[in-house]
Amino acid sequence: MKNLNINFSGIDWLPDEEMEQFTDEAFFACDTLLKGNGPGSEYTGWVDLPEYYDREEFERIRAAASKIRRESQVLIVCGIGGSYLGAAAALDFLKGTMHNLKIRGGADPDEMEIYFVGNNLSPSYIGDIIDITGDRDFSLNVISKSGTTMETAAAFRIFRKILEDRYGEAAAERIYVTTDRSRGALKALAEKEGYETFVIPDNIGGRYSVLTAAGLLPIAAAGCDIDDLMAGAASMREELLSEPGELNEAIGYAGLRQQLYDWDKYIELFVSYDPDLKLFGEWLKQLFGESEGKENLGIFPASVSYTTDLHSLGQMVQEGERFFFETVINVESEPEHILIPEFENDFDGLKYLEGRPVGMLNQTAVDGVAMAHMDGDVPQVYIGIPDKSEFTLGELFYFFEFTCGVSAYVEGVNPFDQPGVEAYKKSIRELLDKYRK
């Protein structure tokens, strides 16, 4: 990989013959993905998206983002699952978990706050976002293929009403819709009301949609460079498609995941040591969970933030049931301006670290935890990244999407449907039917 440092040495204890078996299966699965002859192949448009995306719509996204930044202090994004997780992960990755607080505190008055709603049904959460927005100018981006997903639809109704009460007919100019190209309740409403509309392509499912308008508009509105984001994804695509042999680390990772699953390692912990990557772990949970959790099969994806979670889950990971393996995503170039201060007394036993950067401690934790966990029979895949830039993030998005598609085909399931999601929706609708007149 050009920028990603991928290391499989933490799982080199697996038998060679089994490694060869699963590598062969992963090569076959990759071929299935690229030829588009597997189940769900009608939803593989994301494979070529970084190279062949709609340039005209891309420019409209850029223009809409500029307009939002000129006219509003706050952008409210309504969406759930793949309709918000990618963008939310990107903003934390690129801007930091404290980006909204820093803007409100005046650290950068030219930036805008972005809040995500429609991803839960908590009245207190919605009320907090209403209070935070206050009487400031805001715009609204609603993301849904159907327009009828309950969480998103309810939030959209609430914030649409606030906009219309505040701006009257001009509210329509502050509403941006990302939806199906030609059908659905939201598409029909957008046409009726004259909202600017962007497309989630028919051949790309929600959890693979971060590099469509679903992710790009909020990311661009935050002031991030979406050209570099797409360039990183395109670079990763070119590399993965030009390395079909043993050097293709996405194929190797996919095969190793399924091999570990065969060895009863059925919980994958996506590990980060930087809180800015925490939501990226949430994006990974949905990507792999919805893609592989079918037919009573699937590696269970979980995300953890070390070293924080070592003080809650560390004991379980080290000495509990041996069903874990870890995929560590680590930022390898940390700022060095935060140093351990000097004090006259060695009151905490850390005097020997005075003057050293906190980032050095963090990296030492990465190495030390790896040693302990691998000694405790917790295999580990390591993915080092050079920085938290748009280019690197584009690489990461594409690498994991590609890996997930291959891995699910190795497992023997359709990576691109989610039939089980309908079960809870059906039950909720049945309970709510009593309110129909």
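The structure reproduced in this document is the subject of the present report.

In this model helix 14 (residues 358-375) runs 26 Å from its N-terminal to its C-terminal C-alpha over 18 residues, within 8% of the 26 Å that 1.5 Å per residue would give. Residues Gly359, Ala365, Val366, Val369, Ala370 and His373 constitute the buried set of helix 14. Buried residues of helix 14, viewed axially, fall in a sector of 130°; they line one side. Turned more than 90 degrees off the buried face of helix 14, the exposed positions are Met371 and Asp375. Asp377 sits one or two residues past helix 14 and shows a positive phi near 65°.

Before going further, it helps to examine the sheet that holds strand 10 (residues 380-385). If you walk across this open sheet you meet the 5 strands as 1-10-9-7-8, and the pairing is mixed. Two strands in the sheet have a free side with no partner beyond their single neighbour: strand 1 (5-10) and strand 8 (300-305). Neighbour-to-neighbour, the strand axes of this sheet turn through a mean angle of 20°, independent of strand direction.

What follows concerns a negative patch on the surface. Among the surface-exposed residues, Glu17, Glu20, Asp24, Glu25, Asp262 and Asp264 lie close enough to one another that they form a single negatively charged patch. Take the negative patch: its biggest share by element is 4 residues, from helix 1 (residues 16-35). Looking at the element boundaries, Asp24 is found in helix 1.

With the rule as written, the count across this model stands at 28 salt bridges. Taking the shortest distance from any N to any O, the salt bridge between Glu193 and Lys192 comes out at 3.1 Å. Of the residues examined, Glu193 reaches a relative accessible area of 28% and is grouped as partly exposed. Between Lys351 and Glu354 there is a salt bridge, with its nearest N and O atoms 3.3 Å apart. Within this structure, Arg160, Glu164, Lys192 and Glu193 form a network of salt bridges that share partners.

The rules behind these values
- Residues numbered from 1 in each chain as written.
- Predicted model: local features only at pLDDT ≥ 70, side-chain atom pairs only at ≥ 80, totals over all residues.
- Heavy atoms only, no water.
- Helix = DSSP H or I, 4+ residues; strand = E, 2+ residues; numbered from the N terminus.
- Expected span 1.5 Å × (residues − 1).
- Buried < 20%, exposed > 50% of the residue type's maximum accessible area, 1.4 Å probe, protein only.
- Arc of directions from axis to C-beta.
- Pairing = 2+ DSSP bridges.
- Axes fitted to C-alpha atoms, helices over the stretch in contact; angles between N-to-C directions.
- Patch = residues over 30% accessible without salt bridge, like charges linked within 9 Å, V, L, I, M, F, W, Y side chains within 5 Å.
- Areas by Shrake-Rupley, 256 points an atom, 1.4 Å probe, with all protein chains shown as cover.
- Salt bridge = Lys/Arg side-chain N within 4 Å of Asp/Glu carboxyl O.
- Lys, Arg positive; Asp, Glu negative; His and termini not counted.
- Charge placed at Lys NZ, Arg CZ, Asp CG, Glu CD.

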